[in-house]
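The lines below spell out each chain.
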Amino acid sequence: MRKKIVLFLLAMLPMVHIYAQQTLIRISTDETDLILQTAETGRLYQSYLGAKLVNDTDLKNLTPYISRPSTDSSVTPRGWEVYPGSGAEDYFEPAFVMQHNDGNLTTIVKYVSHEVKPIDGNATETIIQLKDEVYPVEITLHYVAHARENVIKTWSEIRHTEKKPVTMSQYASAIVYFEDTQYFLNEFSGDWASEAGMTSQQLRFGKKIIDTKLGSRAAMHAYPFFQVGLGQKVQENQGKVLVGTIGWTGNFRFTFEMDNVSNLRVISGINPYASNYELKPNETFTTPEFIFTLSQEGAGKASRSLHTWARNYQLKDGKGDRLTLLNNWESTSFDFDEKILSDLMKEAKELGVDMFLLDDGWFANKYPRVNDHAGLGDWDVMHSKLPNGIPGLVQSAKEAGVKFGIWIEPEMISPKSELFEKHPEWAILLPNREPYYYRNQLVLDLSNPVVQDYVFGVVDKIMTENPDIAYFKWDCNSPITNIYSPYLKEKQRQLYVDHVRGVYNVFNRVNEKYPDLPIILCSGGGARCDYEALKYFTEFWCSDNTDPVERLYIQWGFSQVFPIKSMAAHVTSWNHAASIKFRTDVAMMCKFGFDISITEMDKNELAFCKEAVANYHRLKKVILDGDFYRLVSPYESNHTAVMHVGEGAGQALLYTYDIHPRFGGKLFPVKLQGLDPHRNYTVKEINLMPGTTSRLKENGKSYSGDYLMKVGIEAFTLGQMNSRVIELTAE
Ligand code: DGJ
């Protein structure tokens, strides 16, 4: 017997040896270290996530068991497991839960191996293999660390070789842990026309969940990103801030759980709501990417890290140019004909923008799209309205001297459409209950590959027939309602996940065939804004609310995570009380366009807009590719200010807005950021209404960057909805 035990121990030696070595995996950017470590058991723990450690020799002092269990010394120490399953000694929220073929609900994975590969010159990918020793389950964790941009993206792959499918009831992308004195969450929530509103709360014991169950148009109420202030509230320019976002254009979930010893775990992934996923043997379930940055200098720095990273690696044509445009939705809605459109194209030319964008209402014949009650799915041009078809419109745009772009909503179907008559089984629709319609429409079942082909075909047909189309606006106005897929039959629980995968299949095919086609992602305003979709889209529509005052808040919210060049903003006639200058100055901060007829403008207003467009074209390198600084928050005063700083700090643009200042309210100078303290800058107010001159005290003068950043510019006024755009040029 003793001999057998000795032999057994000898056989175990190599394994014990590996574990005893306590493998340490260091995932680093230039500013952050994420350190994972195995314990004697072979399980993998997060032993550090914070500011980069300067001395390599300090790493040996880290321990895998950072989570002190309690004051009770008889309790075996527990750690922050990197990918915890359910049923073990961690009594808080796990990353994944899987029911094995024998009904058992525990999965405990141990370290097997890891490798580190350089990618994209400036990044590394660490791939870690884990497996359960009791059940044939393997997990692969991926961490891509972008050194210069200080951004890490991570995702997981789950696989098994059990005899029959296993059922997963949770399958997060990642979990990260923090130990600090207190934690404050900034969440972003809203609705149609009130997107990305920012609220802050202190996290206390227990869980706070941000999630969505809308299926498509998934971010209508909660946006797929968050900020956590570590040790203090999130501040713009100082303090530790985690900013995280999930690349998933469907139901997502963030869980923030503070445990018994006041440590925080943040779990990010697909929302497993009504989505127990059946994973077949040898099939790989790949989770979405969780993307995060950890800033030691506040939210502003975190935003700039994400912006630069997105432009360099994630956003479609992230380094490329963007088109200015005139859209017709706000001025015509569904009421247009060829004459109205060709007049608008001429107006686009007059304004000086690059393109005319035709919106909703140009298609369907049997059930014409004259309002939002019919026609989605029938993507043939409406002959009664546009007898010369899309080619006629492309031709008119050519004659006017502008490019032509077109709106589609190809994932949707109107019950009043020929497509629905032909293929009612393509719609997500319950067979045995009264339908509920959101905007009078239904969502096509993208879990069905035949429907994926059809949706791809919508774009492909328009492009094949009209190769000169320069731009698409891809809308998505309905959440999934009447949740039943005729295609998935008894596997309804996979609908939410498989539908989104089908959407990506279509996005991917469009992108592969038309890699240079700019497309704006729109979802009844800004309800689709995530970094997976943005691999296929050059920009997104932030909101149908173009009231400039509201937009200041909405743009403030989205800019926390998304680069300016991805955020589309248009001048419209929402809020007539605001001057055209104020409306323009607000839109010009982002990817600029118009959605207004110039016939609504007087001579001066038109001249002003033309000059603003010319200024935008002249300065767009700074606006689209510069560093973005949020200087004064609209949430904290009656004024707000932001600025763009071009590469090398040679040129910058300051925007100041007085929203509704109080009579006799305190004015304060705006302190700039990002300038070179040792260079002098000439200050010049631009975007002035014809016939007016700048009343800015500093206009035309020169100041050092140091002065402008420490003393500032007296740009705010007590005027209602007053704005200034100020150009700074290094001498
Ligand atoms: C919602 C979008 O946000 C609007 O800009 C417009 O395109 C309408 N849909 C058209 O139906």
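For the structure itself, look to the data block above.
So, here's what we can say about the structure. Each chain carries its own residue numbering, running from 1 in the written order of its sequence. Local features in this predicted model are restricted to residues whose pLDDT is 70 or higher, and side-chain atom pairs enter the listing and the counts only when it is 80 or higher, whereas totals over whole chains, interfaces and linings include all residues. To get the side-chain values, all heavy atoms of the structure are used, and hydrogens and water are removed first.

## Details of the overall build of the protein chain
The criterion, for reference: Each helix corresponds to a stretch of at least 4 residues labelled H or I by DSSP, and each strand to a stretch of at least 2 residues labelled E; elements are numbered beginning at the N terminus. Buried means the residue's accessible area, taken with a 1.4 Å probe over protein chains only, is under 20% of the maximum for its type, while exposed means over 50%, and partly exposed covers the values in between. The contact criterion used is simple: two residues touch if any of their non-hydrogen atoms lie within 4.5 Å. This count recognises Lys and Arg as positive and Asp and Glu as negative, with His and chain-terminal groups excluded. Every charge is mapped onto a representative atom, which is NZ of Lys, CZ of Arg, CG of Asp or CD of Glu.
Each helix and strand counted, the protein chain has 12 helices and 35 strands in total. Taking the principal axes of the C-alpha coordinates as reference, the protein chain spans close to 100 × 70 × 45 Å. With 731 residues in all, the protein chain has 61% of them scored as buried. Contacts in the protein chain between residues far apart in sequence, at least 24 positions, make up 68% of those at least 6 positions apart. Taken as two groups, the 76 positive and 90 negative side-chain charges of the protein chain have centres that lie 3 Å from each other.

## What to know about the site of the ligand
Operational definition: Think of it this way: one heavy atom of a residue within 4 Å of a molecule or strand is enough to make that residue near it. Nitrogen and oxygen atoms within 3.5 Å of one another constitute a polar contact, given that in protein one can donate a hydrogen and the other can accept it, and given that sequence-neighbouring residues count only through two side-chain atoms. In short, Shrake-Rupley with a 1.4 Å probe defines the accessible areas, and a residue's cover is counted only from the protein chains shown. Polar here means any residue outside two lists: the nonpolar Ala, Val, Leu, Ile, Met, Phe, Trp, Tyr, Cys and Pro, and the charged Asp, Glu, Lys and Arg; Gly therefore counts as polar.
Neighbouring the ligand are 13 residues, the closest being Asp359, Asp360, Lys473, Asp475 and Asp544. Take Asp360: an N or O atom from its side chain is 2.7 Å from an oxygen atom of the ligand. Trp407 places a polar side-chain atom, nitrogen or oxygen, 3.1 Å from an oxygen atom of the ligand. If the ligand stood free it would expose 290 Å²; the protein chains cover 97% of that surface. Across the shell around the ligand, the residue classes tally to four nonpolar, three polar and six charged.

## Considerations on the nonpolar core
What counts, and what does not: Put simply, buried Ala, Val, Leu, Ile, Met, Phe, Trp, Tyr and Cys residues joined by side-chain atoms within 4.5 Å make one nonpolar core.
Trp362, Phe404 and Phe558 are the most contacted members of the largest nonpolar core, which totals 191 residues. Each residue touching Trp362, except ones within four places of it in the same chain, is listed here: Phe336, Trp379, Asp380, Val381, Met382, Leu386, Ile390, Ile406, Trp407, Ile408 and Ile462. Listed in part, the 23 residues of the second largest apolar core include Tyr629, Val670, Leu708 and Phe716.

## Quick notes on the pattern of salt bridges
How we decide: Whenever a carboxyl oxygen of Asp or Glu lies within 4 Å of a side-chain nitrogen of Lys or Arg, that contact is scored as a salt bridge.
Evaluated as defined, the whole model comprises 45 salt bridges. Put simply, Lys153, Glu289, Glu532 and Lys535 are held in one network by salt bridges that share partners.

Limitation: the analysis is restricted to geometry and does not speak to function.
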